[in-house]
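Each chain, letter by letter, is given below.
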Amino acid sequence: MTAEFIKSASSPEQFPADGLPEVAFLGRSNVGKSSLINALTGKRGLAFTSNTPGRTQAINFYRIDGARYFVDLPGYGYAQVPVEAKNAWATLIEKYLQERKTLRFSFLILDARRGWMAKDLELKQWLEANQHSYIVVASKIDKLNQAEQQRGLRAIRQHAEPLPFSARNGRGVREIWQAITKTHQQ
Ligand code: GDP
């Protein structure tokens, strides 16, 4: 498999124009989005991971096998981002989600320990209202013991069935890839 960083776009004119189908990755800052992209591609340093949430404000495009893009959308919900930066974020994401014809579906990533937070639910409702397909991923599942996993996944299931995932031990990578290839065959 080949995975290459193509570009970082801060406005729609900069989005790739070659028409490949896209899978978007959405989630709160620090939810584990970069780690998920790295785990799926098997490339450790492909997406930038850090402990400083809210830093990336651009949309990153990674081309996978020359066949599709993984689209890394900036994390939301980080309280310390100034209001203006938050608005810029919302505008860019909304433009992408609303106007991108090549977008096939999105992964909505939740921290398995926290479940649905207000902003996640808002985004979920927006996706549904705009007829966007999405799959929920429950990340960092390795941080919970068995009982906590059951409880956490049950809570998430109140709104949607999650795919449990761990970047630490690789749980869920196969299932997430299956979801990607299945959707692209349709
Ligand atoms: P992003 O801001 O959503 O891109 O989140 P990152 O991928 O940068 O991850 C944020 C922090 O959570 C980092 O310290 C990661 O090492 C950690 N992390 C991410 N995914 C996992 C996981 O599946 N398991 C564990 N234990 N830690 C994770």
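Parameters at a glance
Residues numbered from 1 in each chain as written. Predicted model: local features only at pLDDT ≥ 70, side-chain atom pairs only at ≥ 80, totals over all residues. Heavy atoms only, no water. Buried < 20%, exposed > 50% of the residue type's maximum accessible area, 1.4 Å probe, protein only. Helix = DSSP H or I, 4+ residues; strand = E, 2+ residues; numbered from the N terminus. Right-handed = clockwise from strand over helix to strand, strands pointing away. Pairing = 2+ DSSP bridges. Phe/Tyr/Trp six-rings, centres within 6.5 Å; stacked < 30°, edge-to-face > 60°.

> Help me understand the pairing of strand 6 (residues 134-139), please; the structure alone is not making it clear to me.
A regular strand places its side chains on the two faces of the sheet in alternate fashion. Burial analysis of strand 6 places five of its six residues in the buried class, the great majority of the element. Where the polypeptide runs from strand 5 (residues 103-111) across helix 3 (residues 118-129) and back to strand 6, its parallel neighbour, the crossover connection is right-handed. Two strands pair when backbone bridges link them, and strand 6 and strand 7 (residues 162-164) are joined in this way by three bridges, in the parallel orientation. Paired with A138 across the two strands is P164, which belongs to strand 7. Each parallel crossover has a hand, and the one from strand 6 via helix 4 (residues 146-157) to strand 7 is right-handed.

> When you look at the packing of aromatic side chains in this model, what are you seeing that I'm missing?
Any aromatic ring pair is given by two values, namely how distant the centres are and how the planes are angled relative to each other. What the rule picks out here adds up to nine aromatic pairs. Between F5 and Y62 the ring centres are 5.7 Å apart and the planes differ by 55 degrees, which places this aromatic pair in the tilted class. Placement of F5 in strand 1 (residues 3-9) and of Y62 in strand 3 (residues 59-64) is noted, with a sequence separation of 57 residues between them. Measuring from ring centre to ring centre gives 5.6 Å for F15 and Y96, while their planes differ by 80 degrees; the resulting arrangement is edge-to-face. Note that F15 is positioned in the loop between strand 1 and strand 2 (22-27) and Y96 in helix 2 (residues 83-99), a separation of 81 residues in sequence. With respect to class, F15 is no different from Y96; both count as buried.

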